[in-house]
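Examination of the molecular architecture
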Amino acid sequence: MAPEEKAQRVRRMFSEIAPRYDLLNRLLSLGADLSWRRRAVALALEGRPRRILDLATGTGDLALLLKEGAPEAQVVGADFAPPMLALARKKAEVRGVEVDFLEADALALPFPDASFDAVTVAFGFRNFADYQRALHEIHRVLAPGGRLVLLEFPPPPKGAFGLVYRLYFGKILPFIGGLISGSFGAYRYLPESVEAFPPPEALKALMEEVGFRVRYELLTFGVAAIHVGDKG
Ligand SMILES: C[S@@+](CC[C@H](N)C(=O)[O-])C[C@H]1O[C@@H](n2cnc3c(N)ncnc32)[C@H](O)[C@@H]1O
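No experiment lies behind these values; they were computed from the predicted model shown.

With that settled, the discussion passes to the site of the ligand. The environment of the ligand is made up of 19 residues, and the closest members are Tyr 21, Arg 37, Ala 56, Asp 79 and Ala 106. Between the ligand and Ala 122 there is a distance of 2.9 Å, counted from a nitrogen atom to a backbone nitrogen or oxygen. Burial of the ligand by the surrounding chains reaches 98%, relative to a free accessible area of 590 Å². At four residues, helix α1 (residues 3–28) tops the list of elements feeding residues into the shell around the ligand. Looking at the shell around the ligand, its residues break down into twelve nonpolar, four polar and three charged.

Okay, the pairing of strand β6 (residues 212–219) next. In this sheet, strand β7 (residues 224–231) lies alongside β6 in antiparallel orientation, the contact comprising eight bridges. If you follow Val 214 over to β7, its bridge partner there is Gly 229. If you look at the hairpin formed by β6 and β7, you'll find four residues sitting between the two strands, and Thr 220 has a positive phi there, around 45°.

Attention now moves to the packing of aromatic side chains. Geometrically, a pair of aromatic rings is defined through the distance of the ring centres and the angle of the planes. Evaluated as defined, the whole model comprises 13 aromatic pairs. Taken together, a centroid distance of 5.0 Å and an interplanar angle of 90° make the contact between Phe 111 and Phe 116 edge-to-face. Residue Phe 111 shares its accessibility class with Phe 116, and that shared class is buried. Aromatic ring contacts, followed pair by pair, group Trp 36, Phe 123, Phe 153, Phe 161, Tyr 165, Phe 169 and Phe 221 into a single cluster. Sitting over the ring of Phe 80, Arg 11 keeps its end group 4.5 Å from the ring centre.

Our focus in this paragraph is a nonpolar patch on the surface. A cluster of nonpolar side chains, namely Phe 175, Leu 179 and Phe 184, defines an oily patch on the protein surface of about 320 Å² accessible area. Its place among the elements puts Phe 184 in helix α7 (residues 184–196).

For His 139, the location among the structural elements is in helix α5 (residues 131–141). A residue is classified by how much of its surface remains accessible, and His 139, at 18% relative accessible area, is buried. The contact partners of His 139, leaving out residues within four places of it in the chain, are Val 210, Gly 211, Phe 212 and Lys 231.

Thresholds, definitions, all that
- Residues numbered from 1 in each chain as written.
- Predicted model: local features only at pLDDT ≥ 70, side-chain atom pairs only at ≥ 80, totals over all residues.
- Heavy atoms only, no water.
- Near = heavy atom within 4 Å.
- Polar contact = N/O pair within 3.5 Å; in protein donor to acceptor, adjacent residues only side chain to side chain.
- Areas by Shrake-Rupley, 256 points an atom, 1.4 Å probe, with all protein chains shown as cover.
- Helix = DSSP H or I, 4+ residues; strand = E, 2+ residues; numbered from the N terminus.
- Nonpolar A, V, L, I, M, F, W, Y, C, P; charged D, E, K, R; others polar.
- Pairing = 2+ DSSP bridges.
- Phe/Tyr/Trp six-rings, centres within 6.5 Å; stacked < 30°, edge-to-face > 60°.
- Buried < 20%, exposed > 50% of the residue type's maximum accessible area, 1.4 Å probe, protein only.
- Lys NZ or Arg CZ within 6 Å of the ring centre and 35° of its normal.
- Patch = residues over 30% accessible without salt bridge, like charges linked within 9 Å, V, L, I, M, F, W, Y side chains within 5 Å.
- Salt bridge = Lys/Arg side-chain N within 4 Å of Asp/Glu carboxyl O.
- Contact = heavy atoms within 4.5 Å.

See the structure below:
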């Protein structure tokens, strides 16, 4: 699929499923996404960043946790799907948390070089139409010594657990997700995009190519992975 076609498809898909997105996240991850997010936030806040960008922020869950964990920091949440951002703004208001949510494309960020001390991306990177370009953009907007924290679903692990997981992720999840969101296409895309995503070592190599010093950890038997990239 051409990059522009992928970007349009992804933007349309998330705009469509926005109203049911949070409910389905909790339901389909059986609540595990909350602990994965907390771990990503802890890693992002390790260096006490003052300016944080949560990219592909969606409905803002990670951005809100970041601000709650570091109230003195300035947190910006950016996404290219306006309906997701509208929900993020509502949640911030209800929780009384101050985050700037703005529309932006991860492949052409509207920020000067070295604008942030930390950038986070939770379950968004896989959807970018060009991984290298997104990594270059993130590297550019990070200040020297800044950190990228990337939370993603790597391809399913091997072995018996992988088989069960594939059955759940490939068959049960698309059915429930499609039924509740009304968009069967979006929840078929999820396992497809996960199967096509680079395994943890390959993603580490991609990040190293643009100049990050990288380590990663696997969570919940390898269902999720967090890559931490430090800019020298
Ligand atoms: C699976 S959601 C993740 C949302 C949120 N980070 C979370 O943890 O729930 C993926 C988000 O990535 C956004 N996205 C995908 N490609 C993007 C791009 N090129 N620029 C900005 N946002 C993008 C989508 O609009 C969607 O809101």
